[in-house]
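Understanding the architecture of this molecule
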Amino acid sequence: MTKHIPEKVSVAVKSVIENPERRKAMKRIFRHAGVAVFGAVVAQAVIFSRPARAAKILRPPGALPEKEFDSTCIRCGLCVKDCPYDILKLATWADPAPLGTPFFVARQDPCRMCTDIPCVKACPTGALDPLLTDIRKADMGVAVLVDHENCLNYKGLTCSICVRVCPIRGEAISLKPIQNERGLLQIPTVDPDKCTGCGTCEKHCVLSEATIRVLPRELGLGVSGTNAMGRTVW
Amino acid sequence: MANLFRRIVSYLKSHPWLLMRRTLQILIVLAFVIDIPEVGRIAHGNLSSSLWFWNVPLTDPFVLLQSWLAGAPLAKVALIGAAIVAGFYAFFGGRIYCSWVCPINMLTDAAYWLRQKFKIKGNLTMSQDLRSVLLVMALVLSVITGTLAWEIINPITLLQREIMWTSAVGLTFLSALFLFDFLVTRRGWCGHLCPVGAFYRWIGHYGRLRVMAVKTNACSSCTDCIKVCPEPHVLAPVVAQKAMAVTDSDCTRCGACLDKCGNGALSMKLDLSRGNSFRGIPIVKD
């Protein structure tokens, strides 16, 4: 039985109508393409709606910048395994970080800054930069004295626990005297170039919520230069 | 209790392939978890990337491909590991991973077993091509989003992490997967959806380890092998005596057909004959 085919149709359309096998194949391809496009749109929305890395999530030493780290890390957990102090964890769905990526939280357990950096050596992909050989050059974040109101040293006491526990004591954080109406204060002052962001100061801060915290560098530090808005008067 | 134990032992005795498969699967899970006294741990890491016997790196080529597509440079150790894994499956057959290594297989096999026990007939029909669609989606999304798209939900490494760190956050997803296979679709996950299986099928398209019909005249055409096969279509040409070997890359080499066949018509062989290399035995169509 031959089908009636209108005369004014293109050659391509004609060949599809005349050839049911091909018609079937085209149907299948378009159906799959439809599923793929629809699925990809939904999945992309899901991926982008995953929470961004929270500020308290710190990466192991030598970690690439977050965006590159996210693509380079293959979530194998070899760094976690080789951490002698078991501070590293792999993110579950409950953690505000991409699933399966390694992190530590300074307030719970800070990085002990092993001189042989076993976590970096374990990384098979270079997500933890193998060029990092001196742990003092690591950049996991930077300590910032975020709360001047509650810090005991600002109240005139000499707690200074953050200065005393720092593994790079006297260099990364030191006491700077300031004279004000309360008298002579000894203020813990971080040198951002020396601080590795290991988090020991945050861990040991004696208050129930730490007044000194390790933040990712882009959150914790300003950058010199000019901001056009700063000089504009509206 | 002793009776149940005896029944399990006799079942495994009559199903040697199943016994071997489960033993290997469980040993692989344990290798990542158990510290052997005086020796330590045999495997470090997880199925994404691992270090075996303190020297041999193994990397999942699918995870590495996603990472590369997401924009990461390729590192030497990971590449060596991926080459070893890809080479093995390319030679022997890709979906060996699915039935001999993947821990999710134990979960879905359990769901299928329950499905039969409860005689659940309802079945949501899905195209088996869906897994290829998901595979392409995972790769394209890795390029678009700059993250390892499939690793956000990959139940294989999820299950392994749950076991290794005794976490339970992913259990919701894993139990959903179990219920899906149990109640919704026959062999739903492994047979229709999992892009990891689709990827390994693609790598091991010409795998040489094959189920072969060694004695075709011994076959009584009872089709029992097809009934137990997780990918039944792969056996059809052999049972119809149109082919001497299972050449379809969907075959997971699980050996369920070998355990089932009482006539000894089938066997698992390394098929190196040049006559049918890269083409398979021509199937006569009527």
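Keep in mind that what you see is a predicted model, and the values were worked out from it rather than measured.

It is worth spelling out the domain arrangement of chain A at this point. All names here are of chain A. Per the domain assignment, the segments of chain A are domain 1 (53-139) and domain 2 (141-217). Taken over C-alpha atoms, the centre of domain 1 sits 24 Å from the centre of domain 2. The partner domain 2 presents 22 residues to the 15 residues of domain 1 that form the contact. Taken together, the connections running from domain 1 to domain 2 amount to two salt bridges. Notably, a salt bridge pairs Glu171 with Arg136, separated by 3.6 Å at the nearest N-O pair. At the junction of domain 1 with domain 2, the criterion picks out eight residue pairs in polar contact (both at pLDDT 80 or more). For the side of domain 1 that touches domain 2, the class distribution of residues is nine nonpolar, one polar and five charged.

What follows concerns the sheet that holds strand S3 (residues 56-59) of chain B. All names here are of chain B. Spatially, three strands are ordered S1-S2-S3 in an open sheet, and the strand pairing comes out antiparallel. Every other strand in the sheet has two partners, leaving strand S1 (43-46) and S3 as the edge strands with one partner each. Averaged over all pairs of adjacent strands, the angle between strand axes in this sheet comes to 10°, irrespective of strand direction.

Time to look at the pattern of salt bridges. Opposite charge on two side chains permits them to pair, given that their charged atoms come into close proximity. Residues and elements named next belong to chain B. Applying the stated rule across the entire model yields 19 salt bridges over all chains. The partner of Asp109 in a salt bridge is Arg22, with the nearest N and O atoms 2.6 Å apart. Of the two residues, Asp109 sits in helix H6 (residues 104-117) while Arg22 sits in helix H2 (residues 16-31), which places them 87 residues apart along the sequence. Residue Asp109 is classed as buried on the basis of its relative accessible area, which comes to 14%. A salt bridge links Arg41 to Asp35; the nearest nitrogen and oxygen atoms lie 2.9 Å apart.

This paragraph deals with the environment of Asp129(A). Residue and element names in this part refer to chain A. Tracing the backbone through its elements, the reader meets Asp129 in the loop between helix H5 (118-122) and strand S3 (142-145). Residue classification places Asp129 among the partly exposed residues on the basis of a relative accessible area of 26%. Sequence separation of Asp129 and His32 is 97 residues, and the distance between their C-alpha atoms is 41 Å. Every residue in contact with Asp129, bar those within four places of it in the chain, is listed here: Gly62, Leu64 and Val120. A distance of 3.0 Å separates a polar atom in the side chain of Asp129 from the backbone nitrogen of Leu131.

Below, the discussion takes up helix H3 (residues 61-69) of chain B. For H3(B), the full list of buried residues reads Pro61(B), Phe62(B), Val63(B), Leu64(B), Gln66(B) and Ser67(B). Tucked inside the fold, the buried residues of H3(B) contact helix H3 (66-72) of chain A together with S3, helix H4 (76-92), helix H7 (130-145) and helix H11 (195-203) of chain B. Two or three places before Phe62(B), at the start of H3(B), stands the capping residue Asp60(B), its side-chain oxygen 2.8 Å from that residue's backbone nitrogen.

What follows deals with a nonpolar patch on the surface. Residue and element names in this part refer to chain B. Where nonpolar side chains cluster on the molecular surface, the patch consists of Ile26, Leu27, Leu30, Ile34, Ile36, Val39, Phe53, Trp54, Val56, Ile80 and Ile84 and spans about 940 Å² of accessible area. Secondary-structure elements contributing two or more residues to the nonpolar patch are H2 and H4. Ranked by the residues each element gives to the nonpolar patch, the list is headed by H2, at three residues. Within the element layout of this structure, Ile80 appears in helix H4.

Each value, and the rule that gives it
Residues numbered from 1 in each chain as written. Chains lettered and ligands numbered in written order. Predicted model: local features only at pLDDT ≥ 70, side-chain atom pairs only at ≥ 80, totals over all residues. Heavy atoms only, no water. Domains from an automatic or database assignment. Contact = heavy atoms within 4.5 Å. Salt bridge = Lys/Arg side-chain N within 4 Å of Asp/Glu carboxyl O. Polar contact = N/O pair within 3.5 Å; in protein donor to acceptor, adjacent residues only side chain to side chain. Nonpolar A, V, L, I, M, F, W, Y, C, P; charged D, E, K, R; others polar. Pairing = 2+ DSSP bridges. Helix = DSSP H or I, 4+ residues; strand = E, 2+ residues; numbered from the N terminus. Axes fitted to C-alpha atoms, helices over the stretch in contact; angles between N-to-C directions. Buried < 20%, exposed > 50% of the residue type's maximum accessible area, 1.4 Å probe, protein only. Patch = residues over 30% accessible without salt bridge, like charges linked within 9 Å, V, L, I, M, F, W, Y side chains within 5 Å. Areas by Shrake-Rupley, 256 points an atom, 1.4 Å probe, with all protein chains shown as cover.

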